[in-house]
Amino acid sequence: GSDSSIDLRLSSEDLLLPVAGTIKRKSISCLQDLSEEIFSLTPLSAKRKEDIKAQIDLDYPEYDYTASVDASDDDIRHLVKHFFPDDDISAITIKKLTGGITNVLYLIKGLSIPKVLLRISGENTEHLIDREQELVTLVCLASIKVAPPLYGRFKNGLFYGFVEGITTTPEQLKDPIISQLIAEHLGYFHAKADVPGIPKVPILFDTIEKWLETAQNQQIPEIQRALFEKSKPLVTKLRSELEHSAIMVRYCHNDLLSGNIIFDETNESGAAVHFIDFEYGGYNYRGFDIANHFCEMMGFELDKKAYPSDSFQTLWIETYLKSYMIHSDDEIPKDINADVQVLKEIVIRFAVLAHLFWGIWALIQHQYSSNKSFDYLSYAKLRLCAYLSAIKEV
């Protein structure tokens, strides 16, 4: 569509405010009101979850201990001693890595396992995150070596493996070596990850449609209502075009920004990347995971010039598809180019939805979040601007 068909009645200066800080975005916490049947599990999935939970209880019995988020070194040594009884506890070093609102993270060095992370969860965080499901997810992902191994659990925390490497930057996501490693790793991840206990029906469209209603009813003065009204038919159109590609639904990370991707050059079997922070993992369209990752190459400032070029996307998607096919035990077709082009078209559409998704998400956060250290409104405007620009591609 042309520019003239979209009238936001806002000057570009109003829309392009600088984004303060780069805090970790918290995403899909606005799903409480979606209909229950979307979340119902098949009997088989429910049974598999119960089987895995029973296995977890055997392999990782819960230690009946609640740690304080401001635990002393002695408290931590007590915990370490319980889970690593044969190690010399006197030699360990304890370093506090983060003191988030929800979790505190410590790095423990000097055990028989060189580096171990200890996570203590803050009070009331179970209202935000289903800890039982999180445990099932971690164990399933650790079994395919996508998440670090679990070493033990207590009432409000876990011991698990440390992921070596450095957090990537948005620029590094386009690095010739790192980008190929990410594409290969995401292909493996989508082919192998299988997490019971959560619905296999993607909730992307239901979420966006519900949020559009919410945002429209809220009457946010800075954002023209027309934006939401015009978006509904577009979302319906994209939904009908994309939903038939059912083969595309896999367990997805859903938040592959640079901060959640670790690059490890020291790996003995060659350089590698790791994904971290599976808090928002769930079944979704593979195309969304890829499109969302491409959008993240623009960084928090959403620099349009930083969006990956056509040739970059082609190469990335080809690497991804080959990896996905190998790890799904599929034959790689002689002419993979046809498959690459199909997925590329799908990704273009999902990029539009990714901007809309995070744009509306940020508006809702702007209204309801208690975290005022991040300018959600500016970020919403940037994402919605990017959304309006991306619409022209579909």
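Going by the structure above, here's the rest.
Only a predicted model underlies this, so the values are computations on that prediction, with no experimental measurement involved.

Definitions and cut-offs
- Residues numbered from 1 in each chain as written.
- Predicted model: local features only at pLDDT ≥ 70, side-chain atom pairs only at ≥ 80, totals over all residues.
- Heavy atoms only, no water.
- Pairing = 2+ DSSP bridges.
- Helix = DSSP H or I, 4+ residues; strand = E, 2+ residues; numbered from the N terminus.
- 1 Å grid on protein atoms, 1.4 Å probe; cavity = no way out; pocket = protein on both sides within 12 Å on 5 of 7 lines; lining within 4 Å.
- Points joined across faces, edges and corners; volume = space filled by probe spheres on them.
- Nonpolar A, V, L, I, M, F, W, Y, C, P; charged D, E, K, R; others polar.
- Buried < 20%, exposed > 50% of the residue type's maximum accessible area, 1.4 Å probe, protein only.
- Salt bridge = Lys/Arg side-chain N within 4 Å of Asp/Glu carboxyl O.
- Expected span 1.5 Å × (residues − 1).
- Contact = heavy atoms within 4.5 Å.
- Polar contact = N/O pair within 3.5 Å; in protein donor to acceptor, adjacent residues only side chain to side chain.
- Phe/Tyr/Trp six-rings, centres within 6.5 Å; stacked < 30°, edge-to-face > 60°.
- Lys NZ or Arg CZ within 6 Å of the ring centre and 35° of its normal.

(A) A look at the sheet that holds strand β9 (residues 261-264). Ordered in space as β7-β9-β10, the three strands form an open sheet in which the pairing is antiparallel. In this open sheet, the two edge strands, each paired with only one partner strand, are β7 (166-167) and β10 (272-275). Note that β9 and β10 share four bridges and pair antiparallel. Across the sheet, the residue bridging to F263 is V273, located in β10.

(B) Structural detail: empty space enclosed by the protein. Applying the stated rule across the entire model yields one cavity of 30 Å³ or more. Considering only enclosed or pocket space, the largest cavity measures out at about 40 Å³ in volume. Contributing to the lining of the largest cavity are L138, V139, P148, P149, L150 and Y160. Of the residues assigned to the lining of the largest cavity, the class counts are six nonpolar, no polar and no charged.

(C) Main features of unusual backbone geometry. In the Ramachandran plot, D277 falls in the positive-phi region, its phi being about 65° despite a non-glycine side chain. The exposure class assigned to D277 is partly exposed, which follows from its relative accessible area of 24%. The residue D329 is not glycine, and still its phi comes out positive at about 60°. Tracing the sequence through the fold places D329 in the loop between α9 (310-327) and α10 (337-368). A relative accessible area of 69% means that D329 is categorised as exposed.

(D) Quick peek at the pattern of salt bridges. Evaluation of the coordinates by the stated rule reveals 21 salt bridges. Measuring nitrogen to oxygen at the nearest pair gives 3.1 Å for the salt bridge that ties K53 to E50. Linking K53 with E50, this pair stays in helix α2 (residues 43-59), spanning three residues, or about one helical turn. The partner of E62 in a salt bridge is R153, with the nearest N and O atoms 3.9 Å apart. Of the two residues, E62 is situated in strand β1 (residues 62-63) and R153 in strand β5 (residues 150-154); the sequence distance between them amounts to 91 residues.

(E) Molecular detail of helix α5 (residues 176-192). With 17 residues, α5 should reach 24 Å at 1.5 Å per residue; the first-to-last C-alpha distance of 25 Å fits that figure. The buried fraction of α5 is high, at twelve of 17 residues. All of the buried residues in α5 are I178, S179, L181, I182, A183, H185, L186, G187, Y188, F189, H190 and A191. For α5, the secondary structure elements touched by its buried residues are α4 (131-143), β8 (249-252), β9, β10, α8 (286-296) and α9. The backbone nitrogen of I177 lies 2.9 Å from a side-chain oxygen of the residue at the head of α5, namely D175.

(F) Geometry of the packing of aromatic side chains. In the structure shown here, the tally under the stated rule is 26 aromatic pairs. With a centroid separation of 5.7 Å and 70° between ring planes, the pair formed by F288 and F357 is classed as edge-to-face. Of this pair, F288 sits in helix α8 while F357 sits in helix α10, and the two are 69 residues apart along the sequence. Note on accessibility: F288 and F357 belong to one class, buried. Taken together, the ring pairs in this structure connect W211, F288, F300, F357, W358, W361, F374, Y376 and Y379 into an aromatic cluster. Over the face of the ring belonging to Y324 we find R286, whose NZ or CZ atom lies 3.9 Å from the ring centre.

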